[in-house]
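Chains, contacts and geometry: an overview
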Amino acid sequence: MASAVLILMGLVLALSQSFVTAVTPAPGNVSNGLMLWLDASDPLFTGSAPANGSNVVTWKDKSGNANDAVINPYGVGQAHTAAIFESAPSGFNNRPALRFNRIDDNSGSVYEVSNIDIRASSISDITVFSVYRPVALASNNGLWGNDDGNWDRFFITFHPGFGDGTDDGVVGLGPALGGETVANSGSTAAPSLFAISYGGNLVNGANVGDTNGSYVYFNCNLQRTFTDSTHSALARTRLSIGWDGNDSVFDGYVAEMIVYNRVLTSQEVGHVNGYLASKYNLASGCATFATTTTSPTTTTVAPTTTVVSTSTTPSTQVSGSALSAPVEASSQLPQTGTRSLLNSVLPLLLIASGLLIRRSSRRQVQV
């Protein structure tokens with residue numbers, strides 16, 4: 001009887017350990033509203049890397065929403081191809097990235113996410129993070145977007161018509177504001193971290209935006225606030241990656257892209273920026289942010305501290321202590337079938353173990 005108890009207890013412990021390591025934390029432990037998570041470290045979402053130099057036909061979504069990025073079929077006579085997996089390209093802290101190749105303004109490595117429509121009429125609020133490094137400063141080097149030429153929601157890492165014309169990019173703010181220059185976003189020297197939150201507000205079918213409710217960050221620093229005036233409907237209905245949606249194909253590396261269907265608070269932006277900055281060793285401008293490391297199976301989080309400010313307005317200076325937070329239940333991604341099965345089996349095994357221990361104790365008393 002004692003041996004049976006020990007076997008059951010060992011099985012319980014083994015399954016418990018499997019359950020703990022199977023749970024995947026969200027980026028920076030921010031899961032609320034997470035709708036897309038593309039990670040070049042695990043582009044097929046199998047837990048292991050593909051062969052170096054292989055084509056990634058489908059970039060699998062790790063958010064649990066199955067919003068996979070597939071090769072964009074758009075356009076007659078345009079050649080859209082898969083990006084190439086590279087295990088350790090320069091600058092990404094010995095981590096993988098996908099190599100996007102540009103052929104011309106509308107051809108190259110281009111993906112689309114058919115289930116994500118980032119127009120204000122479909123998703124009024126949205127936050128997008130991306131870690132990337134251009135290789136060549138081609139004209140209009142677009143990273144992502146839904147643009148159709150009407151100053152929609154997009155990010156072009158380099159545009160010769162903005163800034164100093166050497167390595168500055170532009171982000172779409174809407175027809176009323178046009179584009180905002182993002183200084184040095186086209187730099188080929190090292191990877192960059194870009195984030196933007198669009199805070200839309202539909203009134204009688206038109207997007208008037210929340211007043212100064214949208215934010216642009218570059219390398220963890222707040223660049224500006226603005227009122228989103230992107231058109232509620234006149235834009236492409238599918239999110240493109242490696243292309244702005246209009247006439248700008250990206251030439252370079254993309255390591256990670258994360259999308260939320262809401263405007264994140266400054267603390268939440270700090271958490272996700274901290275996760276990305278730590279993972280890819282992005283020191284520039286990100287030193288004040290908490291370092292949260294996430295992998296497919298484990299997570300390491302800084303000790304719990306008190307958050308002093310609860311303001312949702314982004315700040316250009318956020319202390320690391322204000323961004324350190326414990327892992328909460330809500331920070332975990334949706335459970336898969338395996339995890340649900342473990343949830344069902346573990347209580348039964350624990351009950352069985354308890355009954356066997358109780359029966360064994362009674363027999364010992366009787367003897």
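Residues numbered from 1 in each chain as written. Predicted model: local features only at pLDDT ≥ 70, side-chain atom pairs only at ≥ 80, totals over all residues. Heavy atoms only, no water.

Structural notes on helix 2 (residues 266–280)
The condition that has to hold: Segments assigned H or I by DSSP are reported as helices when at least four residues long, segments assigned E as strands when at least two residues long, and all are numbered from the N terminus. To estimate the expected span of a helix, subtract one from its residue number and multiply by 1.5 Å. Relative accessibility thresholds used throughout: buried, under 20% of the residue-type maximum; exposed, over 50%; partly exposed, between the two (1.4 Å probe, protein chains only).
In this model, helix 2 (15 residues) spans 21 Å end to end at C-alpha, consistent with the 21 Å of a helix rising 1.5 Å per residue. Counting buried positions over the 15 residues of helix 2 gives 14, a clear majority of the element. A positive backbone phi angle near 55° is found at N281, which sits one or two residues after helix 2.

Examining the pattern of salt bridges
Put simply, the rule is: One speaks of a salt bridge when a side-chain nitrogen belonging to Lys or Arg is within 4 Å of a carboxyl oxygen belonging to Asp or Glu.
For the coordinates displayed, the defined rule picks out eleven salt bridges. Residue D117 pairs with R119 through a salt bridge whose shortest N-O separation is 2.7 Å. In this structure, D117 and R119 share a single accessibility class: buried. Ionic pairing is found between R262 and E268, a salt bridge with its closest N-O pair at 2.7 Å. Residue R262 is classed as buried on the basis of its relative accessible area of 17%.

Some thoughts on the nonpolar core
To keep things clear, this is the line we draw: To qualify as a nonpolar core, a set must consist of buried Ala, Val, Leu, Ile, Met, Phe, Trp, Tyr and Cys residues joined through side-chain atoms within 4.5 Å. Two residues qualify as a contact provided that any one of their heavy atoms is within 4.5 Å of a heavy atom in the partner residue.
Among the nonpolar cores identified, the biggest contains 38 residues, and W59, F100, W144, V171, F194, I196 and L239 are the most heavily contacted of them. In this structure W59 touches L38, D39, A40, P43, D68, A69, L98, F100, Y111, V254 and A255, once residues within four positions along its chain are discounted. Judged by nonpolar contacts, the second largest core, of 26 residues, contains V30, L34, V131 and Y253.

Remarks on the packing of aromatic side chains
The test is simple: Between 30 and 60 degrees the pair is tilted, below 30 it is stacked and above 60 it is edge-to-face, where a pair is any two Phe, Tyr or Trp rings, Trp via its six-membered ring, whose centres lie within 6.5 Å. In this analysis the charged atom, NZ for Lys or CZ for Arg, is taken to sit over a ring once it is within 6 Å of the ring centre and within 35 degrees of the ring normal.
Here the structure, examined in full by the defined rule, presents 14 aromatic pairs. An angle of 65° between the planes, with centres 5.6 Å apart, marks the rings of F100 and Y111 as edge-to-face. Here Y111 lies in strand 10 (residues 111–113) and F100 lies in strand 7 (residues 97–100), a separation of eleven residues in the sequence. Just as F100 is buried, Y111 falls in that class too. An aromatic cluster of three or more residues is present, and its members are W59, F100, Y111, Y132, F155, F194 and F250. In this arrangement the basic side chain of R99 is found over the ring face of Y253, its NZ or CZ atom lying 5.6 Å from the centre.

Some points on the confidence of the model for the chain
What counts here: How sure the predictor is of each residue is captured by pLDDT, a score from 0 to 100.
On average, residues of the chain score 79 in pLDDT, and 69% of them reach the 70 mark or higher. Low pLDDT, under 50, characterises residues 289–330; the predicted model gives this stretch 83 contacts beyond four residues in sequence or across chains.

Some remarks on the environment of F92
Tracing the sequence through the fold places F92 in the loop between strand 6 (83–86) and strand 7. Taking relative accessible area as the criterion, F92 reaches 0% and is therefore assigned buried. C-alpha separation for the pair F92 and Y132, spaced 40 residues apart in sequence, amounts to 9.0 Å. Other than its neighbours up to four places away in sequence, F92 contacts A97, V131, Y132, R133, P191, Y253, A255 and Y280.

Comments concerning the environment of W59
Among the structural elements, W59 can be located in strand 3 (residues 58–59). Counting along the chain gives 52 residues from W59 to Y111, while the straight-line C-alpha distance between them is 8.5 Å.

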